[in-house]
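Tertiary structure, described
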Amino acid sequence: PQFAAKITASPIEAATGQPFSITVEVHNTGIIPWDRCDIAISENAAKHGWQIEPVEETTIAPGDRVTRTITGTAPSGPIEATVSVLSPTRNRTKMA
C-alpha cells in the first residue's frame, strides 16, 4: 500500500489518580513519504485529560519511525482509548 502505518505502544501500570506516560511509535510501512504525521488520541482519552506530544518532523520517509509520548492521569476504572494516524498525505505537484 502507498500509505500504511503500524502503531505500537508500551504497556503500563498506574494506580488510580497517578500520572503515567505511554510511549507510542508510528512506523511508515508504506512506499510514499508523508509530509506530516498527525497522531491523535480518541475523544474519550482527551476528555480524561490525556495529551500527546506534537509531531515536529516535516517528512517521514518509508521505513522511518516517529515516537511520541502520551501523558495523563490514570482513571478509576478501565476506559477505551485509541491512538490513530491522521491523513498522512504528500503534497502533489499540479500538472498542467
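This section reports on the structure supplied with the text. (Residues numbered from 1 in each chain as written. Predicted model: local features only at pLDDT ≥ 70, side-chain atom pairs only at ≥ 80, totals over all residues. Heavy atoms only, no water.)

With that settled, consider the overall build of the protein chain. Within the protein chain, the secondary structure is distributed over 1 helix and 6 strands. A sequence separation of at least 24 residues applies to 67% of the contacts in the protein chain between residues at least 6 apart. (Helix = DSSP H or I, 4+ residues; strand = E, 2+ residues; numbered from the N terminus. Contact = heavy atoms within 4.5 Å.)

Turning next to the nonpolar core. Phe20, Ile22, Val24, Ile41, Ala45, Trp50, Ile70 and Ala74 form the largest nonpolar core, which has 8 residues in total. Of the residues forming this core, the biggest block, 3 residues, is contributed by strand β2 (residues 19-28). Excluding residues within four positions of it along the chain, isoleucine 22 makes contact with Ala9, Ser10, Ile12, Arg68, Thr69 and Ile70. Counting residues in hydrophobic clusters, the runner-up holds 7 residues, among them Trp34, Cys37, Ile60 and Val66. (Core = buried A, V, L, I, M, F, W, Y, C linked by side-chain atoms within 4.5 Å. Buried < 20%, exposed > 50% of the residue type's maximum accessible area, 1.4 Å probe, protein only.)

Attention shifts here to the pattern of salt bridges. Following the criterion strictly, the structure yields 1 salt bridge and no others. With its nearest N and O atoms 3.0 Å apart, the salt bridge here joins glutamate 25 to arginine 65. Placement of the pair is glutamate 25 in strand β2 and arginine 65 in strand β5 (residues 65-73), with a sequence separation of 40 residues. (Salt bridge = Lys/Arg side-chain N within 4 Å of Asp/Glu carboxyl O.)

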